[in-house]
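Observations on the three-dimensional arrangement
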Amino acid sequence: MNHSSRRTTSLLFTAALAATALVAATTPASAQELALKRDLGLSDAEVAELRAAEAEAVELEEELRDSLGSDFGGVYLDSDTTEITVAVTDPAAVSRVDADDVTVDVVDFGETALNDFVASLNAIADTADPKVTGWYTDLESDAVVITTLRGGTPAAEELAERAGLDERAVRIVEEDEEPQSLAAIIGGNPYYFGNYRCSIGFSVRQGSQTGFATAGHCGSTGTRVSSPSGTVAGSYFPGRDMGWVRITSADTVTPLVNRYNGGTVTVTGSQEAATGSSVCRSGATTGWRCGTIQSKNQTVRYAEGTVTGLTRTTACAEGGDSGGPWLTGSQAQGVTSGGTGDCRSGGITFFQPINPLLSYFGLQLVTG
């Protein structure tokens, strides 16, 4: 097994704000560009180059997943160089990748096998040593990364062995912080349940009912919420971190997300971005923050229980941001679940992808 060490990431449960009466909207491009330049240190030209690469990566992933079939190993983007890499599991498939300026990498496992390894770990998650804090797929290293507290490498190795993982596909990273939920117990907007505050996510519909998507840990089914008034109509946590709140007829849903600078972004869809793409989030505590998608299918062992199927990002977040919306361009990506660090020192944040949430609860995203 390959062992490595880096600064740990502590989990922070968060939520998103899909604004209900926001004005002074600007174009999605300008909204994203300002935050990307601030949080990723990019120039105007670099933002444009990154945007073009992200769009190409999404198109390639859709095309090659169909054309390569079982030989498809995944597509990921290097957000620093904007280089796109296509992974294939058969050397004979290299010639079938018909795309300019794309690196083709022959791998041992690929996306499907790595996701199967994650599923094997998920099946025995409740038996893992407390030092093991989570795991996720890493397409670039063609491995499943298992994260632990310091000194937890033997426990991670034992877990991987019991799950039947090929040791060539396992990388262990020791970290310093223990996962924890951070729903802020403070006054103020945007919405509340009991003594807790979370952020509104994306506006949604279910037949004639309206409401908003949020994190599942932001209230169990039947919980009353205020500002806006409503009831948690569905909650799935732990296991996943998805929920939605049905609001009263006095409130109106919109396709808007607050940028916290006087403007909004209009949501136009929910096309999933490729690994390596830029992504921005909105939350009641830290406002509008951006980063990149590091990996997908992250499993996290929170104190409240194990959550699977999350997306791992480099964007920061803090307590009270839980449930908040994530976007790439104007495409909805998910709602904040948790993470580590803060927006002063930086950290890692996980979001619950939006499309599985919509499908699970039978919801339709409100778009402009």
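Now for a look at the structure at hand. (Residues numbered from 1 in each chain as written. Predicted model: local features only at pLDDT ≥ 70, side-chain atom pairs only at ≥ 80, totals over all residues. Heavy atoms only, no water.)

1. Digging into the overall build of the protein chain
Helix and strand content of the protein chain: five helices and 23 strands. Residues classed as buried in the protein chain amount to 57% of the 368 residues present. For the protein chain, restricting intrachain contacts to residue pairs at least 6 apart in sequence, the fraction spanning at least 24 positions comes to 66%. Carbon and sulfur atoms provide 47% of the accessible area of the protein chain, an area that totals close to 14,200 Å². (Helix = DSSP H or I, 4+ residues; strand = E, 2+ residues; numbered from the N terminus. Buried < 20%, exposed > 50% of the residue type's maximum accessible area, 1.4 Å probe, protein only. Contact = heavy atoms within 4.5 Å. Areas by Shrake-Rupley, 256 points an atom, 1.4 Å probe, with all protein chains shown as cover.)

2. Points about the sheet that holds strand S4 (residues 102–106)
Here three strands make up an open sheet; going across it, the order is S2-S3-S4 and the pairing mixed. Lying at the two open borders of the sheet, with one neighbouring strand each, are strand S2 (72–77) and S4. Geometrically, the sheet is characterised by an average inter-axis angle of 20 degrees between neighbouring strands, direction not taken into account. Of the strand pairs in this sheet, strand S3 (residues 84–88) and S4 are connected by five bridges, and their pairing is parallel. Looking across to S4, one finds that valine 88 is bridged to valine 106. (Pairing = 2+ DSSP bridges. Axes fitted to C-alpha atoms, helices over the stretch in contact; angles between N-to-C directions.)

3. Overview of helix H2 (residues 44–68)
Look at H2: 35 Å from first C-alpha to last across 25 residues, which is about the 36 Å you get at 1.5 Å a residue. The complete set of buried residues in H2 reads Val47, Leu50, Ala53, Glu54, Ala57, Val58, Leu60, Glu61, Leu64 and Leu68. Glycine 69 occupies a position one or two residues after H2 and carries a positive phi of about 60 degrees. (Expected span 1.5 Å × (residues − 1).)

4. Thoughts on unusual backbone geometry
The peptide bond linking serine 227 to proline 228 adopts the cis configuration, its omega dihedral lying at 10 degrees. Cis geometry marks the peptide bond from phenylalanine 237 to proline 238, where omega comes out at -5 degrees. Backbone geometry at threonine 82 places phi at a positive 60 degrees, although glycine is not the residue there. Along the chain, threonine 82 falls in the loop between S2 and S3. Under the relative-accessibility criterion, threonine 82 is labelled buried at 15%.

5. Some thoughts on the pattern of salt bridges
If you walk through the whole model with that rule in mind, you get 15 salt bridges. Aspartate 39 serves as the salt-bridge partner of arginine 38, at 2.6 Å between the closest nitrogen and oxygen. Of the residues examined, arginine 38 reaches a relative accessible area of 49% and is grouped as partly exposed. A single salt-bridge network, built from bridges that share partners, covers Glu61, Arg65 and Glu111. (Salt bridge = Lys/Arg side-chain N within 4 Å of Asp/Glu carboxyl O.)

6. Some remarks on the side chain of glutamate 318
With respect to the helices, strands and loops of the structure, glutamate 318 is situated in the loop between strand S19 (305–313) and strand S20 (325–328). Among the polar contacts listed, one links the side chain of glutamate 318 to the backbone nitrogen of cysteine 343, at a separation of 2.9 Å. (Polar contact = N/O pair within 3.5 Å; in protein donor to acceptor, adjacent residues only side chain to side chain.)

7. Description of the environment of threonine 85
Its place among the elements puts threonine 85 in strand S3. Sequence separation between threonine 85 and valine 102 is 17 residues, and the spatial gap between their C-alpha atoms is 5.8 Å. Every residue in contact with threonine 85, bar those within four places of it in the chain, is listed here: Gly74, Val75, Tyr76, Thr103 and Asp105.

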